[in-house]
Amino acid sequence: MIVRVSKPAFNLREKISELDKPTGIKGSELLKSNTIQEARDLIGAGRKNLIINGNFDVWQRGTSFSSFNSMRYTADRWLQYAAGSSTITATQQTFTVGQIEVPGNPKYYYRMDNTPDDGTSWLELFYRIEDVTRFSDVPVTLSFWMRANKYQVEKEIRLTQNFGVGGSSTVSVLSPRFTIPTYWQKYEFTFDLPSVAGKTINADNFLQIHWYSPDVVAANTYYDIAQVQLEYGRVATPFEERPYAEEFNLCERFYQLYGGLGNASGDHGTSGYNGGNTDGFHAYPGWAWSDSSAATRILLRQRMRETPDADIIGTISSSPTTGQYGIYGGGSNAWQNPGSWDIQDVNDHSFRITANSYSTFGTGKAVGFYMYPGAGITVDAEFPTSYTP
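Remember, it's a predicted structure, so these values are computed and weren't measured experimentally. (Residues numbered from 1 in each chain as written. Predicted model: local features only at pLDDT ≥ 70, side-chain atom pairs only at ≥ 80, totals over all residues. Heavy atoms only, no water.)

Asker: Got a sec to walk through the nonpolar core? Specific residues and values, please.
Answerer: The tendency in soluble globular proteins is for nonpolar side chains to be buried side by side. Counting 53 residues, the largest nonpolar core has Phe144, Ile157, Trp211 and Leu230 as its most contacted members. Counting residues per element, this core draws most heavily on strand E7 (residues 138-148), at five residues. The contact partners of Phe144, leaving out residues within four places of it in the chain, are Ile157, Phe178, Gln185, Lys186, Tyr187, Phe189, Trp211, Ile225, Ala226, Gln227 and Val228. Counting 23 residues, the second-largest nonpolar core is a separate cluster that includes Phe351, Ile353, Ala355 and Ala375. (Core = buried A, V, L, I, M, F, W, Y, C linked by side-chain atoms within 4.5 Å. Buried < 20%, exposed > 50% of the residue type's maximum accessible area, 1.4 Å probe, protein only. Helix = DSSP H or I, 4+ residues; strand = E, 2+ residues; numbered from the N terminus. Contact = heavy atoms within 4.5 Å.)

Asker: Can you lay out the confidence of the model for the protein for me, pointing to particular residues and giving the numbers?
Answerer: A low pLDDT score tells you not to read the predicted coordinates there in detail. Mean pLDDT over the protein stands at 87; residues scoring 70 or higher make up 83%. The low-confidence segment residues 264-275, where pLDDT is below 50, has 36 contacts with residues more than four positions distant or belonging to other chains. (pLDDT = per-residue confidence, 0-100.)

Asker: Go over the sheet that holds strand E24 (residues 376-380), please, and point to the residues and values.
Answerer: Strands in a sheet are paired, the pairing made by backbone hydrogen bonds, and the direction either parallel or antiparallel. The sheet built from three strands is open, its strands ordered E14-E24-E17 with antiparallel pairing. A single partner strand is all that each edge strand has here, and the edge strands are strand E14 (255-259) and strand E17 (309-313). Taking the axes of each pair of neighbouring strands and ignoring which way they run, one obtains an average angle of 20° across the sheet. Alignment of E17 against E24, held across five bridges, turns out to be antiparallel. When the bridges of E24 are listed, Ala310 appears paired with Val379. (Pairing = 2+ DSSP bridges. Axes fitted to C-alpha atoms, helices over the stretch in contact; angles between N-to-C directions.)

Asker: How would you summarise the sheet that holds strand E13 (residues 222-232) if you had to cite specific residues and measurements?
Answerer: The six strands are arranged E1-E4-E5-E13-E7-E11 in an open sheet whose pairing can be described as antiparallel. Both edges of this open sheet fall to strand E1 (64-68) and strand E11 (185-193), since each of them pairs with a single strand only. Ignoring which end each strand starts from, the neighbouring axes of this sheet average 25° apart. Here three bridges tie E1 to strand E4 (residues 88-94), and the two strands are oriented antiparallel to one another. Counterpart to Phe65 in the pairing with E4 is Ala90.

Next up, the structure:
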């Protein structure tokens, strides 16, 4: 008896090649992943959100800014615009713990409010990312959550390549017009950014994100915004949750506080420089080179974006307390009658405080530069606050 067995033809070389694939367990999981986010999670891809403080966790300058009519920084890295005739308030708002409208259980969101404005405000929000060359001939996707207390129409977003002081003219790409409901809604917009080839690129160049209203906003209106993310590519992935310590460190490349300003949460306080600050005094050792002059050098916690502006906050005193600063020590080993403090020799990683017009330091003596809660130094390396739509 003859038994015939038949089997469909196959390519032996291809079958062997498949058996030899060194995929491993993780490789197999990666091949089976259904979304970009799953693939990112499996391979531990690097940071994706190009926005620093997109979760609005860090507010070193304060947590409430009211009745201003200019362009100013509010939450770290965020610029709020208010026209000269407007009454604008920008505040840190807190999510209800356990809410489910915005995923990830974020702690804070940002509110811009024109109450009780007369209907002449624009409610424009800006964000600037350093180094415009990173955004040459690439697609990027912006995602965020937003709501308003009144239904809004005809809003848009502009992404603008700004080539710095005296550089080439700006180039903008606009989003489609969109509406804002009275409940939290997620938005996703992809922008194809043009090449920067041939452009003149100078200092203070950046990519700008601009939330814009072509018309004035009606009186007594506020917008809320949360979880802002910009990433390369055409797909909006879930919001990246960075550890608070990492986010705060990223913010300090642009703005830092020293002395009795700020606190462990990064908040500057609801009362400006004299609220929400660290308790006790903060002393920096110095040395007197004459009876009348002494100095100390403060090393910054990290190098800043550029040589910063450093300003002294508070009042000088011979017996400092809250909101004041002064010098102790010297030949008399006591509080010194005040002269004046100046900040000199500033660079991107340190600055010097010089005390002048004193009288009893004693040449070669040690002194302490003391700053009490509400007094200290602001160190600012942010982009200029000029309005550039």
